[in-house]
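Single-letter residue listing:
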Amino acid sequence: MHTSGLPDTEHLAERAREALARCGVDRLREPVGAAGTARTPVTGGILFPVEFDTAASAERAVAAAHAAFPAWRDTPAPVRGALVRRLGELLREHKGDLAELVTIEAGKIRSEALGEVQEMIDVCEFAVGLSRQLYGRTMPSERPGHRLMETWHPLGVVGVITAFNFPVAVWSWNTCIALVCGDTVVWKPSELTPLTALACHALLMRAARETGAPDDVHRVVLGDRSVGEALVDDARVALLSATGSTAMGRAVAPRVAARMGRYLLELGGNNAAVVAPSADLDLVVRGSVFAAAGTAGQRCTSLRRLIVHEDVVDEVAEKVVAAYRQLEDRIGDPFAEETLVGPLIGERGYTAMREALDRAEADGGRVLVGGARRLEQDAKDAYYVEPAVVRMPGQTEVVRRETFAPILYVLAYRTLEEAVELHNGVPQGLSSAIFTRDQQEAERFLSSAGSDCGIVNVNIGTSGAEIGGAFGGEKDTGGGRESGSDSWKAYMRRATNTVNFGGELPLAQGVRFL
Ligand code: UN1
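Definitions and cut-offs
- Residues numbered from 1 in each chain as written.
- Predicted model: local features only at pLDDT ≥ 70, side-chain atom pairs only at ≥ 80, totals over all residues.
- Heavy atoms only, no water.
- Buried < 20%, exposed > 50% of the residue type's maximum accessible area, 1.4 Å probe, protein only.
- Helix = DSSP H or I, 4+ residues; strand = E, 2+ residues; numbered from the N terminus.
- Pairing = 2+ DSSP bridges.
- Right-handed = clockwise from strand over helix to strand, strands pointing away.
- Near = heavy atom within 4 Å.
- Polar contact = N/O pair within 3.5 Å; in protein donor to acceptor, adjacent residues only side chain to side chain.
- Areas by Shrake-Rupley, 256 points an atom, 1.4 Å probe, with all protein chains shown as cover.
- Nonpolar A, V, L, I, M, F, W, Y, C, P; charged D, E, K, R; others polar.
- UniProt positions renumbered as here; feature names shortened; annotations may be inferred.
- Salt bridge = Lys/Arg side-chain N within 4 Å of Asp/Glu carboxyl O.
- Axes fitted to C-alpha atoms, helices over the stretch in contact; angles between N-to-C directions.
- Core = buried A, V, L, I, M, F, W, Y, C linked by side-chain atoms within 4.5 Å.
- Contact = heavy atoms within 4.5 Å.
- Phe/Tyr/Trp six-rings, centres within 6.5 Å; stacked < 30°, edge-to-face > 60°.
- Lys NZ or Arg CZ within 6 Å of the ring centre and 35° of its normal.

## Considerations on the pairing of strand β11 (residues 303–309)
A regular strand places its side chains so that they alternate between the two faces of the sheet. Taking burial as the measure, the seven residues of β11 include seven buried ones, the bulk of the element. One ladder, built from five bridges, connects strand β10 (residues 271–275) with β11; its direction is parallel. Across the sheet, the residue bridging to Ala272 is Arg305, located in β11. In this region the chain leaves β10, passes through helix α10 (residues 281–293) and returns to the parallel neighbour β11; the handedness of that crossover is right-handed.

And the structure:
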């Protein structure tokens, strides 16, 4: 099929094959059981078949990673760091290839696809440093001749389940940290993005060969829910780190808990920015448009609600709408230099967007701009949409829900208390922002009585977090923290050690015995 404004599917398949080959993926896997396909949201077409896993082959991958664990656990952490350092070099070398695959499979525009690969490179650097900094504390003992300390040990196999929207960065947050922590990893990417996963895995395997790490330090399993479930229910998976919808998290958490496994969840967001009357409105517009319309609204950190003081709400809405109008002729082929808004991942995202817009209008909302489908004539299975802004009379049920598409709801507030109440009045708690020049207001929003999210920003949007901080959120977002700061602790187990170097055996708490 040739599509006028879009590249054709065969051409994309060819580009994907070439990028895969350059990353070291020559054959699309040995037959392991299930027939799968690689698709592209750019045209909605099927690229080529890919061998998917079955629950049985996933089980074998867990067994292999489990068998590799003792050797990896016993490898000194800085030597484990050498594997991740080499991976970082290879990611740099193949940045263009990986970005190409991210655009083909996830539909991200070029600059965001490159940014996502950069995020992986950044995590590698962070993890390499960390490999010499897995610090435990020492505490003063209450007993003479005793020392009290803690040590951190590798956990075992870490299962990593990732979503389509960050097909590689979220894998790297988990995997690079888990690897330097001495864990082995089994990765189940979204079934929508198998190719980027194969490419990353091939580069990691090359790094493993070159640095002498065991091959089974990392395995990738492809497929649908049944493959993910094999990781969820396997007692050898010491930690399951899952990114996706709240519904997925609700299904996964009790199953992992039932076998006393650990889980780390990074689920939905319903992120808002509060715009105070003193805010620099140009910053508000630039920050909001990137956060709300960037990645076609498909980040878990995407801005979904703009809570604006009533004195400036009309002006802010007008300016945001004007900025959205500039986006209108920049929706389309994510490979094109001028494109800012690529496709939605597929029909489900589009249907969810349509339904949310209809619901919002039924609730008294007014669509100020956007919402229409684009390029349908060019590719009937591709879902390009105009990002939408909707003025809402209140925070109705549809606003409290996460719709994974570019819809920005605008709400008005009168007092900061009211803004915080609206802000926190949703089930999710991932990312948040306040735009203000008033320091007291900013501090109140940052305080424990302010935003209830895991990420709270001032004068920048809700998305695009750096890797150095801990990433994750509260409530329905699942409570997990990944990537920077001390998130590594989730990938290790802590032992508390008391060492007696005196000749006596005094008991703690003054207890006397024998
Ligand atoms: C996600 O959407 O799952 O902060 C992760 C951001 C990115 C990561 C988003 N660094 O928007």
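There is more to say after this.
## Looking at the pairing of strand β5 (residues 157–161)
Burial of β5 is extensive: five of the five residues sit out of reach of the surface. Here β5 shows two buried faces, one formed by Val157, Gly159 and Ile161 and the other by Val158 and Val160. Chirality of the crossover, the property in question, places the unit of β5, helix α6 (residues 169–180) and strand β6 (residues 184–188) among those that are right-handed. Examined bridge by bridge, β5 and strand β8 (residues 237–243) share five bridges and lie parallel to one another.

## Remarks on unusual backbone geometry
Although it is not a glycine, Lys475 sits at a positive phi angle of roughly 55°. Position of Lys475 relative to the elements: it lies in strand β21 (residues 474–475). A residue is classified by how much of its surface remains accessible, and Lys475, at 39% relative accessible area, is partly exposed.

## As for the site of the ligand
The full set of residues close to the ligand is Glu119, Asn165, Phe166, Trp173, Glu266, Arg299, Cys300, Thr301, Ser463, Gly464, Ala465 and Phe471. Within the backbone of Ala465, one N or O atom sits 2.7 Å away from an oxygen atom of the ligand. In isolation the ligand exposes 320 Å². Once the protein is present, 99% of that is buried. When the residues that make up the shell around the ligand are grouped by side-chain class, the tally is five nonpolar, four polar and three charged.

## What to know about the UniProt feature "domain: Aldehyde dehydrogenase" (unreviewed entry) in the chain
UniProt tags residues 39–494 as "domain: Aldehyde dehydrogenase" (unreviewed entry). As annotated, residues 39–494 has a helix share of 41% and a strand share of 21%, and its two end C-alpha atoms lie 43 Å apart.

## A few points about the sheet that holds strand β23 (residues 492–500)
Hydrogen bonds between backbone atoms are what pair the strands of a sheet, whose relative direction is either parallel or antiparallel. The three strands are arranged β3-β4-β23 in an open sheet whose pairing can be described as antiparallel. At either margin of the open sheet sits one strand with a lone partner, and together these are β3 (138–139) and β23. As paired strands, β3 and strand β4 (residues 146–154) are joined by two bridges and run antiparallel to one another. By the bridge assignment, Met139 is partnered in β4 with Leu148.

## Description of the pattern of salt bridges
Once the charged atoms of two side chains with opposite charge are near each other, the side chains can pair. Inspection of every chain in the model, using the stated rule, returns 33 salt bridges. A salt bridge links Arg92 to Glu125, with the nearest nitrogen and oxygen atoms 2.4 Å apart. Of this pair, Arg92 sits in helix α3 (residues 77–93) while Glu125 sits in helix α5 (residues 110–130), and the two are 33 residues apart along the sequence. The closest approach of N and O atoms between Lys489 and Asp486, which form a salt bridge, is 3.9 Å. Here Lys489 falls in the partly exposed class, since its relative accessible area comes to 24%.

## A look at the sheet that holds β8
Taken in spatial order, the five strands of this open sheet run β7-β6-β5-β8-β9, and their pairing is parallel. Edge strands, defined here as strands with exactly one partner in the open sheet, are β7 (218–220) and β9 (262–266). Direction aside, the axes of adjacent strands within the sheet are offset by 15° on average. Across three bridges, the pairing between β6 and β7 is parallel. Paired with Trp187 across the bridge in β7 is Val220.

## A short note on the nonpolar core
Membership of the largest hydrophobic core comes to 141 residues, with the highest contact counts inside it found for Leu306 and Tyr324. In terms of residues, this core owes the most to one element, helix α7 (residues 194–211), which gives eleven residues. Tyr324 has contacts with Val289, Ala292, Ala293, Val369, Pro387, Ala388, Val389 and Leu408, leaving out every residue within four places of it along the chain. Judged by nonpolar contacts, the second largest core, of 21 residues, contains Ala61, Val62, Val157 and Ala242.

## As for the packing of aromatic side chains
Summed over all chains, the structure comprises five aromatic pairs. For Arg15, the ring lying beneath its charged end belongs to Phe335, and the centroid distance is 4.1 Å. Above the ring of Phe166, the side-chain terminus of Lys108 is found at 3.3 Å from the ring centroid.

## Observations regarding the side chain of Asp234
Considering the arrangement of structural elements, one finds Asp234 in the loop between α8 (225–232) and β8. Note on Asp234: relative accessible area 10%, which makes it buried. Within the local environment of Asp234, its side chain forms a polar contact with the side chain of Arg236, the two groups lying 2.8 Å apart. Asp234 has contacts with Glu59, Val62 and Arg259, leaving out every residue within four places of it along the chain.

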